[in-house]
Amino acid sequence: MTLYSCCLILLVFAWNTAAYGPNQRAQKKGDIILGGLFPIHFGVAAKDQDLKSRPESVECIRYNFRGFRWLQAMIFAIEEINSSPTLLPNMTLGYRIFDTCNTVSKALEATLSFVAQNKIDSLNLDEFCNCSEHIPSTIAVVGATGSGISTAVANLLGLFYIPQVSYASSSRLLSNKNQFKSFLRTIPNDEHQATAMADIIEYFRWNWVGTIAADDDYGRPGIEKFREEAEERDICIDFSELISQYSDEEEIQQVVEVIQNSTARVIVVFSSGPDLEPLIKEIVRRNITGKIWLASEAWASSSLIAMPEFFRVIGSTIGFALKAGQIPGFREFLQKVHPKKSTNNGFAKEFWEETFNCYLPDGSKNSPASASFHKGHEESLGAGNGTTAFRPPCTGDENITSVETPYMDYTHLRISYNVYLAVYSIAHALQDIYTCTPGKGLFTNGSCADIKKVEAWQVPFSNCSRDCLPGTRKGIIEGEPTCCFECVDCPDGEYSDETDASACDKCPEDYWSNENHTSCIPKQIEFLSWTEPFGIALTLFAVLGIFLTSFVLGVFTKFRNTPIVKATNRELSYLLLFSLLCCFSSSLFFIGEPQDWTCRLRQPAFGISFVLCISCILVKTNRVLLVFEAKIPTSLHRKWWGLNLQFLLVFLCTFVQIVICVIWLYTAPPSSYRNHDLEDEIIFITCHEGSLMALGFLIGYTCLLAAICFFFAFKSRKLPENFNEAKFITFSMLIFFIVWISFIPAYASTYGKFVSAVEVIAILAASFGLLACIFFNKVYIILFKPSRNTIEEVRCSTAAHAFKVAARATLRRSNVSRKRSNSLGGSTGSTPSSSTSSKSNHEDPFPLPASTERQLQQQRGCKQKVSFGSGTVTLSLSFEEPQKNAVANRTTKRRNSLEAQNSDDSLMRHRALLPLQNSESLSAEPSFQAVSSPESSSQESMVGDSKEEVPGPKEEPSLPSANSRNFIGTGGGSVTENTVHS
């Protein structure tokens, strides 16, 4: 029985070998053989055959240069893989390629050759037959071109589970895996193309079209899909016809009549080039123009249709084309073809003869190639054309690049690129088998196939789809049966731990899927930790602020009786430093894992601390401003300026913030919560503030107090430095505003742990700004400039301020008097403005004794430069002990007696330097108030040698000239004032 089967198979193989002689195939040996099916010819010669004689193989006619180029693409890909060191190393791919002649019969003949060879190889007949040339099984077939041909081939190859990878068959019927189990392709199916055709017609608002389709498995399903899409878009179809390259002339005439009589100007054609060519020829003969053709990809770029003589008919064609690709080195490979060099390619001889219209000397003139040429040209040129009967011999030196044929048209490689991809897809499947690890293979129990003995059924997977590994799930493919599915990766947050899972399971709330989605791992928990670098840095800055504030508080406590500390309102300074300690300390509540109690404590602690701090600055600044603006200090002023009222104001300002915090904590208390929404893989533990409005009121009230404090600081900028550091408070408030204005967008744009970090940075920046601007300058004077921390320095600064205010008031009075005199007297002259000066360049009529002069030179004193208007005043103040001033006092009394002789006007001008009642409505500057001290006398007398200088009638008003003015205070020292005109 075995011998009988062997003989039967050998007969079949011998018949196929006869049908495909040495010049009818391309073949090369290898460890693994790939089959190929390509349309080297456009069709077969028509022959009437009956059952009275033995059937004979029909001849192929009309050479297809593009088909030969597609064949060359397969050979190029195989040779490229064989030379690759990484893809199938130590393995050689061979090939057996046949011509389908664009017909089903020829394609099935070639397919039987593959099957028969595989059966001979599987029977292992080496012991029965002396086979010198053993050819391995064909494990996969690349092809075919037309969908109808591929349908027939797929039915046969599917019986033996031989994989088929088509490069041009786009029929949607081939997607049925139940019928075509081993069919694959590198081209999309026609459903997309039919839908696109309907979209184009709808876009141009055409609603009246005709349809023509090839009468095969390519044209019929394609035009059917188009009709479905057209019906959905309300597109009407006038006529629908079927054509074929084997249709008789009467059928073609009938279709042309329908086209000619139709009023539809748009014709949709689903056909291949060979099937459409007879119809186009007849339309050209009848000169039917004015039609718009919508072409499928099979004939849109066909060399049979793209003929110059057809352009007047099909010039208005909208066609579809496949995406082109690039094949490096393919152009040079095409140019190397030669019959003598391409020994493995039996089609090269006929290609050479057809390209140069000659015959090779070693071939017969009546060879099949010549016969096909003769017949094809006789059909096109007509019988009796003797010029086509014979061809000249080929020299073999012809240049392939000198002839323009579709073979060398490699500018847009579409089908050729699909062939290239088909070969590489098979090679990569073999590579997976070659690198298979036992236990993880694709076959039973994870076994692997032997690459040296691989069988055709082992190349693709036996099921419709591969098993879905853990971490993936089965996804439904629309239009495919349930056994055909795609493996879809589980989305983030879901996992599957089994093979072929139908669905992925969600991870628990506090877990997230791992990288492979095969299990769940705990989510990362984040908050502003004490141990992370950012948290450590913020903690160190907070501790540094606490240390610096404590140091300043210690310095102020130790030097509490010094003038600098006293002048800055000692008690309020202590309270201010305590509030800064609270500010720095409150920032630490924002670091660490948030708890309910920390969330409820941190915002009120921060808000109350800052309000307490700003309130102290506000009361201290306002108190000094009120003292210097008071007209005459009374006991009532002293009562209201006392410490009790100051602390009461601080308490009231702070109490408002406390009320805000209490309402907040009662109505919407903050709490900690775990935020899973910000990032999938991270849980942020943060504080939910409860009410953002309450937080806004807390920060807004603090900023309101800061704005009021800034106003008073700016208003008191001209007071003595010792009583109010106005510019430093102004700078600190500016820093405060900049920090908290920047905080709002930063707070709104951040999330997670960075929200707490932003607020900590704002608290520390504002606290450092207040501490540095208000206290660092004083600490520097106390520790490093003790000479400035004296009562004389304080008095000197106060006297300078008093003189400046008084002088400005005197100048305004003089200007007002001059304007009034001018308006009353009508005089064009002017009176000099407050030229209250002494003649410093003249001799003193009452010179002091030499001993007294030496004593005055030894007195302690200071100098202050005061600028006002356009003048600069250098104020020299000297202080001496009461017991050392006897001589000076006597001299002063003598000079006072002489000064009494001066006019009343001069006396009033000098009294301008005394405390003034600010009753002038024109005066915008605050008047100077002499503040009495229990440590000094309660009166000050002011005398000096002065002489009023009256300028001429035409002299313009001027500031005091370079004269000197002296006045002596009884509170322990004499004051000498020198005025220098600027």
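Further up the page is the structure itself.
What counts, and at which threshold
Residues numbered from 1 in each chain as written. Predicted model: local features only at pLDDT ≥ 70, side-chain atom pairs only at ≥ 80, totals over all residues. Heavy atoms only, no water. Salt bridge = Lys/Arg side-chain N within 4 Å of Asp/Glu carboxyl O. Buried < 20%, exposed > 50% of the residue type's maximum accessible area, 1.4 Å probe, protein only. Patch = residues over 30% accessible without salt bridge, like charges linked within 9 Å, V, L, I, M, F, W, Y side chains within 5 Å. Areas by Shrake-Rupley, 256 points an atom, 1.4 Å probe, with all protein chains shown as cover. Lys, Arg positive; Asp, Glu negative; His and termini not counted. Charge placed at Lys NZ, Arg CZ, Asp CG, Glu CD. Helix = DSSP H or I, 4+ residues; strand = E, 2+ residues; numbered from the N terminus. Pairing = 2+ DSSP bridges. Axes fitted to C-alpha atoms, helices over the stretch in contact; angles between N-to-C directions. Core = buried A, V, L, I, M, F, W, Y, C linked by side-chain atoms within 4.5 Å. Contact = heavy atoms within 4.5 Å. Expected span 1.5 Å × (residues − 1).

Participant: Whenever I open this one, the pattern of salt bridges confuses me. Can you help?
Facilitator: Oppositely charged side chains may form a pair once their charged atoms are brought near each other. On inspection of all chains with the given rule, the structure shows 17 salt bridges. Linking Arg233 and Glu229 is a salt bridge whose minimum nitrogen-to-oxygen distance equals 2.7 Å. Looking at Glu229, the relative accessible area reads 9%, which means it is buried. One salt bridge in this structure joins Arg570 and Glu571, with 3.8 Å as the shortest N-O distance. Residues joined by salt bridges that share partners form a network here, namely Asp199, Glu202, Lys225, Glu229 and Arg233.

Participant: Would you mind showing me how to read a negative patch on the surface here?
Facilitator: On the surface, Glu228, Glu231, Glu232 and Asp234 cluster together into a negatively charged patch. Structurally, Asp234 is set in the loop between α6 (219–232) and β10 (236–243).

Participant: Help me understand the sheet that holds strand β9 (residues 208–214), please; the structure alone is not making it clear to me.
Facilitator: The pairing of strands in a sheet comes from backbone hydrogen bonds and takes either a parallel or an antiparallel form. A sheet is described by the order of its strands in space; here 5 strands give the open sequence β10-β9-β11-β12-β13, paired in parallel fashion. A strand with exactly one partner marks an edge of an open sheet, and here the two such strands are β10 and β13 (317–319). Sheet twist, expressed as the mean angle between neighbouring strand axes with direction ignored, is 20 degrees. Relative to β10, β9 runs parallel, the two sharing 6 bridges.

Participant: Would you mind going over the nonpolar core with me for this structure?
Facilitator: Most often, soluble globular proteins keep nonpolar side chains buried together rather than apart. Counting residues in hydrophobic clusters, the biggest one holds 64 residues, and the most contacted among them are Phe610, Ile617, Trp740 and Phe775. Listing elements by their share of this core, those giving two or more residues are α15 (533–558), α16 (563–567), α17 (570–586), α18 (596–629), α20 (643–667), α21 (692–715), α22 (726–749) and α23 (753–784). The greatest single-element share of this core, amounting to 15 residues, is contributed by α23. Apart from residues lying up to four places away in sequence, Trp740 is in contact with Phe606, Phe610, Ile699, Cys703, Ala762, Ile763 and Ala766. Counting residues in each nonpolar core, the second largest holds 62 residues, with Ala140, Leu360, Tyr424 and Ile433 among its members.

Participant: Help me out: how do you make sense of α17 in this one?
Facilitator: Taking 1.5 Å of rise per residue, 17 residues should cover 24 Å, and α17 covers 25 Å from first to last C-alpha, within 8% of that figure. For α17, the complete set of buried residues consists of Leu572, Ser573, Leu576, Leu577, Ser579, Leu580, Leu581, Cys583, Phe584 and Ser586.

Participant: Quick question: what am I supposed to make of the sheet that holds strand β7 (residues 164–166) here?
Facilitator: Spatially, 6 strands are ordered β1-β5-β2-β6-β7-β8 in an open sheet, and the strand pairing comes out mixed. Looking along the sheet, the strands with just one partner apiece sit at the ends: β1 (25–28) and β8 (183–185). Strand-to-strand twist in this sheet, taken as the mean axis angle between neighbours without regard to direction, amounts to 20 degrees. Here 2 bridges tie strand β6 (residues 138–142) to β7, and the two strands are oriented parallel to one another.

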